[in-house]
Amino acid sequence: VAGATHIEVTTYDGRDYVVNSSLVAKTPDLALLTLDDVFTESATTAEIDPQNGAPLTIVGYPLGEALNVEKGHFIDTEADTLTESGEDVWLIDAHIDHGSSGSPVYDADGNVVAIVYAGDSQWDALAWPASWLTGLLADPAGWNDNIAEC
């Protein structure tokens, strides 16, 4: 998204939306997009503190290919060392690949509880928990204007 001059969002069912403005988070792989169209679907979120072994599901488009559903489990919370943010992130034992960044992580009740942003050397997922994302959304200092207009 950063630096993009034209951004389109395609939904899982093939509907296309044109983005008219965007903000880029200071942490990697997160952007806030504004659409002119009314986007009626939304996911419910939940801020949870999962126990080791809690079932989680990641839904995304690894390698830019077909929609993929990957079952996994919560392993632990650890300090983020990839982005040097120092924030706590979740480690999830679910196989992800390039292109999985931004994928939602669902709990057993179908709530979005985290967002994938990276993987480790064992292909486990690293994810920003919903509690941290809620704070980021409320803090204008966490975002930069996209230098290119959409």
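Each remark here, short or long, concerns the structure printed above.
Residues numbered from 1 in each chain as written. Predicted model: local features only at pLDDT ≥ 70, side-chain atom pairs only at ≥ 80, totals over all residues. Heavy atoms only, no water.

Draft legend 1. Representation of the pairing of strand S8 (residues 112-119) within the structure. In terms of burial, S8 is largely enclosed, as 7 of its 8 residues are buried. Both strand S7 (residues 104-106) and S8 contribute to a ladder of 3 bridges, which runs antiparallel. In the sheet register, Pro 104 faces S8, and the bridge partner there is Ile 115. Counted along the chain from S7 to the antiparallel partner S8, the turn is 5 residues long, and its residue Gly 110 has a positive phi close to 85°. As defined by bridge partners, S8 adjoins strand S9 (residues 125-129) across 5 bridges and the pair is classed as antiparallel. When the sheet's bridge partners are listed, Ile 115 is paired in S9 with Trp 128. (Buried < 20%, exposed > 50% of the residue type's maximum accessible area, 1.4 Å probe, protein only. Helix = DSSP H or I, 4+ residues; strand = E, 2+ residues; numbered from the N terminus. Pairing = 2+ DSSP bridges.)

Draft legend 2. Structural detail: a nonpolar patch on the surface. Together, Tyr 12, Tyr 61 and Leu 67 give the surface a local cluster of nonpolar side chains, amounting to about 340 Å² of exposed area. Tracing the chain through its elements places Leu 67 in the loop between strand S4 (55-60) and strand S5 (68-79). By relative accessible area, Leu 67 is classed as partly exposed at 44%. (Patch = residues over 30% accessible without salt bridge, like charges linked within 9 Å, V, L, I, M, F, W, Y side chains within 5 Å. Areas by Shrake-Rupley, 256 points an atom, 1.4 Å probe, with all protein chains shown as cover. Salt bridge = Lys/Arg side-chain N within 4 Å of Asp/Glu carboxyl O.)

Draft legend 3. Here's a closer look at the pairing of S5. Summarising the sheet, S4 and S5 pair through 6 bridges and their orientation is antiparallel. Along S5, the bridge assignment pairs Ile 58 with Glu 70. Where S5 lies against strand S6 (residues 88-92), 5 bridges are found, and the strand directions are antiparallel. Within the sheet, the bridge partner assigned to Glu 78 lies in S6 and is Val 89.

Draft legend 4. The arrangement of the packing of aromatic side chains in detail. What the rule picks out here adds up to 3 aromatic pairs. Arranged with centres 5.5 Å apart and planes meeting at 80°, the rings of Phe 74 and Trp 90 form a pair that is edge-to-face. Here Trp 90 lies in strand S6 and Phe 74 lies in strand S5, a separation of 16 residues in the sequence. Take Phe 74: its relative accessible area is 5%, and that puts it in the buried class. Residue Trp 90 is classed as buried on the basis of its relative accessible area of 4%. Centroid distance Tyr 117 to Trp 128: 4.4 Å. Interplanar angle 25°. Geometry classified as stacked. (Phe/Tyr/Trp six-rings, centres within 6.5 Å; stacked < 30°, edge-to-face > 60°.)

Draft legend 5. Region of interest: the environment of Ile 147. Among the structural elements, Ile 147 can be located in the segment after strand S10 (143-145). Spatially, the C-alpha atom of Ile 147 lies 33 Å from that of Asn 111, the residues being 36 residues apart in sequence.

Draft legend 6. A look at unusual backbone geometry. At Leu 63, a residue that is not glycine, the phi angle is positive and equals roughly 60°. By the secondary structure assignment, Leu 63 is in the loop between S4 and S5.

Draft legend 7. Quick look at helix H1 (residues 130-138). Within H1, burial applies to Ala 130, Trp 132, Leu 133 and Leu 136. Along the axis of H1, the buried residues cluster in a sector spanning 155°; they form a single face. In this fold, the buried residues of H1 make contact with strand S2 (16-25), S8, S9 and S10. (Arc of directions from axis to C-beta. Contact = heavy atoms within 4.5 Å.)

Draft legend 8. Summary view of the layout of surface pockets. Quantified by volume, the largest pocket comes out at close to 1800 Å³. Those elements giving two or more residues to the lining of the largest pocket turn out to be strand S1 (8-10), strand S3 (31-35), S4, S7, S8 and H1. Among the elements that line the lining of the largest pocket, the one with the most residues is H1, at 5 residues. The class makeup of the residues in the lining of the largest pocket is 24 nonpolar, 11 polar and 3 charged. (1 Å grid on protein atoms, 1.4 Å probe; cavity = no way out; pocket = protein on both sides within 12 Å on 5 of 7 lines; lining within 4 Å. Points joined across faces, edges and corners; volume = space filled by probe spheres on them. Nonpolar A, V, L, I, M, F, W, Y, C, P; charged D, E, K, R; others polar.)

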